[in-house]
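Reading the structure
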Amino acid sequence: MHPTADLAAHNAPLRAPAAPVVVAALSHAGAMAAVALVPLAGLALPLPIVALAEGIAAATLGRLLGLPAWWVPINLLFVPLALLLSGQQLAPLWYLAGFVVLGLTFWSVLRTRVPLYPSSREACGALVHIIPPGRIRVIDMGCGFGGVLARAAASRPDAQFTGLELAPLPALLALLRLRGMSNAAARHADFWKHDISDYDVVYAFLSPVAMVPLWHKARTQMKPGSLLVSNSFAVDGVRPDRVIALPGRDSRALYVWHM
Ligand SMILES: C[S@@+](CC[C@H](N)C(=O)[O-])C[C@H]1O[C@@H](n2cnc3c(N)ncnc32)[C@H](O)[C@@H]1O
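Examining the overall build of the protein chain
A count of helical and extended segments in the protein chain gives 10 helices and 7 strands. Viewed in the frame of its principal axes, the protein chain has a C-alpha envelope of about 70 × 45 × 30 Å. By residue count, 42% of the 259 residues in the protein chain fall in the buried class. In the protein chain, the proportion of contacts linking residues at least 24 apart, taken out of those at least 6 apart, comes to 67%. Of the roughly 14200 Å² of accessible surface on the protein chain, a fraction of 68% belongs to carbon and sulfur atoms. For the protein chain, the centre of its 20 positive side-chain charges and the centre of its 13 negative side-chain charges are spaced 3 Å apart.

Here it is as structure tokens:
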């Protein structure tokens, strides 16, 4: 049974972390405010140096605010690259190509409100530890680039891993990434339309808005004894059976429910 009482007390430690893109935007705002002080201090630095200083400041701030390490190159290079591109006479086709790539990766977020954000190595390690022994069937609901599936399938050759991904480009990359593995596969599909009654472990790293519908789907479709594992996001009002804290500064955790 999953009690739904005691919500206020229960939800306090389960607050969702801020969206990384918001943290990144804040980091750049802080970094730009800092570099704006340079001319005020009477220093006349060349623009590329100012752009690089902004990048270093934004990358540092981002890390201090809890962004994972893979955001460092993004924050570091964002303004210097924008400056570089603005000085080039690039054919409009390049901008169109960039728009198409971004669209094929992020367009579905407008509908799903679930951004693409890969699970950490620590989350994958913790997931592998809680997958029961035997010929277990595991699904990653929204598998992104297939990183969780690739890592978990390599450590658990006896288990079978499936990933569904709605965004076309990540789905294609996940499919290609896993094509050499006999116990893992990914495909382009909407997990809301997929029956999950066959799986022993359902893994989801989504967003706060997806959690209540996910819980209803799990309660309706998952078989008794199976595990629902959510990275970072709890279900409002439903106490998890286990909370596995993940190392790192952003207080993430895996929430586990025995169905
Ligand atoms: C936070 S990412 C997690 C990626 C991967 N599971 C991981 O842990 O590294 C969530 C992913 O779910 C995908 N997604 C969101 N809604 C979906 C849906 N209805 N069907 C399939 N994929 C979905 C998003 O496109 C995104 O790639």
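Examining the site of the ligand
Surveying the vicinity of the ligand reveals 21 residues, the closest of which are S119, G142, E165, D190 and F191. At 2.4 Å, a side-chain N or O of S119 approaches an oxygen atom of the ligand. Within the backbone of L166, one N or O atom sits 3.1 Å away from a nitrogen atom of the ligand. Here the ligand has 600 Å² of accessible area as a free molecule, and 98% of this is covered by the chains. Its residues assigned to classes, the shell around the ligand comprises 14 nonpolar, 4 polar and 3 charged.

Remarks on the sheet that holds strand 3 (residues 184–188)
Reading across from one edge, 3-2-1-4-5-7-6 is the order of the 7 strands in this open sheet, with mixed pairing throughout. Pairing within the sheet leaves two strands with one partner each, and these edge strands are strand 3 and strand 6 (242–245). With direction set aside, neighbouring strand axes in the sheet form an average angle of 20 degrees. Relative to strand 3, strand 2 (residues 160–165) runs parallel, the two sharing 5 bridges.

Points about the nonpolar core
Counting residues in each nonpolar core, the largest one holds 60 residues, and the members touching the most others are L127, F161, V229 and L254. In terms of residues, this core owes the most to one element, helix 7 (residues 121–130), which gives 6 residues. Taken together, domain 1 (12–89) and domain 2 (121–258) each give at least three residues to this core, which thus spans both. Excluding residues that lie within four positions of it along the chain, L127 makes contacts with V148, V201, Y203, V229 and L254.

Overview of the domain arrangement of the protein chain
Annotation of the protein chain at the domain level lists domain 1 (12–89) and domain 2 (121–258). Here the C-alpha centre of domain 2 lies 32 Å away from the C-alpha centre of domain 1.

Regarding the pairing of strand 7 (residues 253–258)
Within strand 7, 5 of the 6 residues are buried, which leaves it mostly tucked inside the rest of the structure. Across 5 bridges, strand 5 (residues 227–231) lies against strand 7 in antiparallel orientation. When the bridges of strand 7 are listed, N231 appears paired with L254. Here 4 bridges tie strand 6 to strand 7, and the two strands are oriented antiparallel to one another. Within strand 7, the residue paired with I244 across the bridge is L254.

Thoughts on the packing of helix 3 (residues 47–64) against helix 4 (residues 71–86)
Two numbers describe how helix 3 lies on helix 4: the axes approach to 7 Å, and their chain directions differ by 155 degrees. Taken together, the axis directions place helix 3 and helix 4 in an arrangement best described as roughly antiparallel. Regarding helix 3 and helix 4, the two cross each other, and that crossing is right-handed. Between helix 3 and helix 4, the residues in contact are L47, P48, A51, L52, E54, G55, I56, A58, A59, G62 and R63 and V72, N75, L76, V79, P80 and L83, respectively. Among the residues making up the contact of helix 3 with helix 4, the classes are represented as 12 nonpolar, 3 polar and 2 charged.

A short note on the layout of surface pockets
Within this model, the largest pocket holds a volume of roughly 900 Å³. Within the residue set of the lining of the largest pocket, elements represented by two or more residues are helix 6 (109–112), helix 7, helix 8 (147–155) and helix 9 (168–178). The biggest single contributor to the lining of the largest pocket is helix 7, with 4 residues. In terms of residue class, the lining of the largest pocket is built from 26 nonpolar, 12 polar and 11 charged. Both domains that furnish three or more residues to the lining of the largest pocket are identified here as domain 1 (12–89) and domain 2 (121–258). In this structure, the second largest pocket encloses a volume near 690 Å³. What lines the second largest pocket is a set of 21 residues, among which V21, W71, I74, L102 and F106 lie closest to the centre.

Thresholds, definitions, all that
- Residues numbered from 1 in each chain as written.
- Predicted model: local features only at pLDDT ≥ 70, side-chain atom pairs only at ≥ 80, totals over all residues.
- Heavy atoms only, no water.
- Helix = DSSP H or I, 4+ residues; strand = E, 2+ residues; numbered from the N terminus.
- Buried < 20%, exposed > 50% of the residue type's maximum accessible area, 1.4 Å probe, protein only.
- Contact = heavy atoms within 4.5 Å.
- Areas by Shrake-Rupley, 256 points an atom, 1.4 Å probe, with all protein chains shown as cover.
- Lys, Arg positive; Asp, Glu negative; His and termini not counted.
- Charge placed at Lys NZ, Arg CZ, Asp CG, Glu CD.
- Near = heavy atom within 4 Å.
- Polar contact = N/O pair within 3.5 Å; in protein donor to acceptor, adjacent residues only side chain to side chain.
- Nonpolar A, V, L, I, M, F, W, Y, C, P; charged D, E, K, R; others polar.
- Pairing = 2+ DSSP bridges.
- Axes fitted to C-alpha atoms, helices over the stretch in contact; angles between N-to-C directions.
- Core = buried A, V, L, I, M, F, W, Y, C linked by side-chain atoms within 4.5 Å.
- Domains from an automatic or database assignment.
- Parallel < 35°, antiparallel > 145°, perpendicular 65-115°, else oblique.
- Left-handed = near helix turned anticlockwise from the far one by under 90°.
- 1 Å grid on protein atoms, 1.4 Å probe; cavity = no way out; pocket = protein on both sides within 12 Å on 5 of 7 lines; lining within 4 Å.
- Points joined across faces, edges and corners; volume = space filled by probe spheres on them.

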